[in-house]
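# Residue-level structure breakdown
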Amino acid sequence: MHRRVITFSRNAFLPLTTVCINRCGYCCFRTSVREGCIMPPDEAIRTLDASAGLGCTEALFTFGERPGAVPGFAEMLGRLGYADILDYVYDLSLAAIERDLLPHTNAGILTYEELDRLREVNASMGLMLETTADVAAHTDSPGKDPAVRIEMIENAGRLSIPFTTGILLGIGETMEDREESLRVIRDLHRRYGHIQEVIVQNFCPKPATPMADAPVPGTSEICATITLAREVLPADVAVQIPPNLADAEHLVGCGVDDLGGVSPLTIDYVNPEHPWPQIDELQRVAGDAELRERLCIYPQYIEKGWYSPQLEPLIRRLAEKIAAPGRGEGA
Ligand SMILES: O=c1nc2n(C[C@H](O)[C@H](O)[C@H](O)CO)c3cc(O)ccc3cc-2c(=O)[nH]1
Ligand SMILES: C[C@H]1O[C@@H](n2cnc3c(N)ncnc32)[C@H](O)[C@@H]1O
Ligand code: SF4
């Protein structure tokens, strides 16, 4: 099951806010409304500048879902001059584009209209399905209702947005649940053709969360799930594993196509205890496979023109840049 090419994206992770209406049992990212819960514009711009300088091509905006519904948040955001976090991410997406970075946003559940608006300034977007099962970890997370997640992924399909989704392993679901989740993703892709990659992400326990002592999926179980994903999903959908969370070196042979976004500058704010491998270590992870840099919009969607006109020149330029010979590690 060894695949010849393994891809990754050089990115910058910008957690715009840690405030969230959900309370997932595994999450250490979410905080209350308090000092520091919103990344200020000057810090965001510094991160974009520095990441562009390090050769990154993607700005990943990942943050809490519907923070505006949490009391006190709107007032804090208002002090930065914004009425809605989506106005803020829109402006920062423009700032990213100006600096030659392609925005990819995962803000949790968004409406059709919100997706349509962000589509103008995002090369791809994402939302983890997590699981189709009804799990205890999601009891206090209305946004993790599988029906709600499926509806949003469907809306992204209607809007022809190149899309990243995935499943989270070890949150109370069974192997059968994983198979069902993967089939649902496959069926969405059959209808809309927009799923570019599916992340198979293993739960990592966090201190002081309800799941702090929950068992973690072992390497052989993760491998079996990657193999299952590769069997269920069509060949044009990449299977991604995060190289910082699992034993990626031993898992790539299970059917992995992609190592996701890796940052030379920022940490993985969702899993802060797991540092990224250095980009020059990724070839070791990829083993015999050819390691190839990609953009956050996959080549087939560039060919199909599934992007907004204002992203066209940048996508063209970055596609040439990553294809240029001599652009190896640290370039
Ligand atoms: O650094 C991370 N990147 C995450 N990414 C980013 C991802 O690695 C890249 O941004 C995409 O592969 C696009 O290049 C996600 C993107 C999504 O759309 C949905 C979920 C995730 C999850 C993570 C994550 O937990 N940590
Ligand atoms: C951005 C994505 O990160 C994942 N996520 C959230 N918390 C954890 C954790 N403790 N371990 C692994 N992945 C996590 C969820 O799948 C979310 O959708
Ligand atoms: S995982 Fe996402 S939705 Fe769940 S509590 Fe954390 S920030 Fe909110």
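Residues numbered from 1 in each chain as written. Chains lettered and ligands numbered in written order. Predicted model: local features only at pLDDT ≥ 70, side-chain atom pairs only at ≥ 80, totals over all residues. Heavy atoms only, no water.

As annotated in an unreviewed UniProt entry, the protein chain carries the name 7,8-didemethyl-8-hydroxy-5-deazariboflavin synthase and is attributed to Methanoculleus oceani. Heading Catalytic activity (unreviewed entry) of the UniProt record for the protein chain holds this comment: "5-amino-5-(4-hydroxybenzyl)-6-(D-ribitylimino)-5,6-dihydrouracil + S-adenosyl-L-methionine = 7,8-didemethyl-8-hydroxy-5-deazariboflavin + 5'-deoxyadenosine + L-methionine + NH4(+) + H(+)". Taken directly from UniProt, the Function (unreviewed entry) text for the protein chain runs: "Catalyzes the radical-mediated synthesis of 7,8-didemethyl-8-hydroxy-5-deazariboflavin (FO) from 5-amino-5-(4-hydroxybenzyl)-6-(D-ribitylimino)-5,6-dihydrouracil." (UniProt positions renumbered as here; feature names shortened; annotations may be inferred.)

## Regarding the nonpolar core
One broad rule of soluble globular proteins: the nonpolar side chains tend to lie buried together. L16, L102 and L259 are the most contacted members of the largest nonpolar core, which has 93 residues in total. Here this core takes nine residues from helix α3 (residues 85–98), the largest share from any one element. Those residues within four positions of L102 in sequence are excluded, and the remaining contacts are T57, E58, A59, A123, L295, C296, I297, L311, L314, I315 and L318. Within the second largest apolar cluster, nine residues are counted, among which are C24, I171, F203 and M211. (Core = buried A, V, L, I, M, F, W, Y, C linked by side-chain atoms within 4.5 Å. Buried < 20%, exposed > 50% of the residue type's maximum accessible area, 1.4 Å probe, protein only. Helix = DSSP H or I, 4+ residues; strand = E, 2+ residues; numbered from the N terminus. Contact = heavy atoms within 4.5 Å.)

## Quick notes on the site of ligand 3
What surrounds ligand 3 is the set C20, N22, C24, C27, F29, R30 and K144. In the shell around ligand 3, the residues fall into four nonpolar, one polar and two charged. (Near = heavy atom within 4 Å. Nonpolar A, V, L, I, M, F, W, Y, C, P; charged D, E, K, R; others polar.)

## Observations concerning the packing of aromatic side chains
Tallied over the entire structure, the rule returns three aromatic pairs. Ring centres 5.0 Å apart and planes at 35° place the aromatic pair Y82 and Y88 in the tilted group. Note on accessibility: Y82 and Y88 belong to one class, buried. Directly above the aromatic system of W306 lies the positively charged group of K304, at a separation of 4.2 Å from the ring centroid. (Phe/Tyr/Trp six-rings, centres within 6.5 Å; stacked < 30°, edge-to-face > 60°. Lys NZ or Arg CZ within 6 Å of the ring centre and 35° of its normal.)

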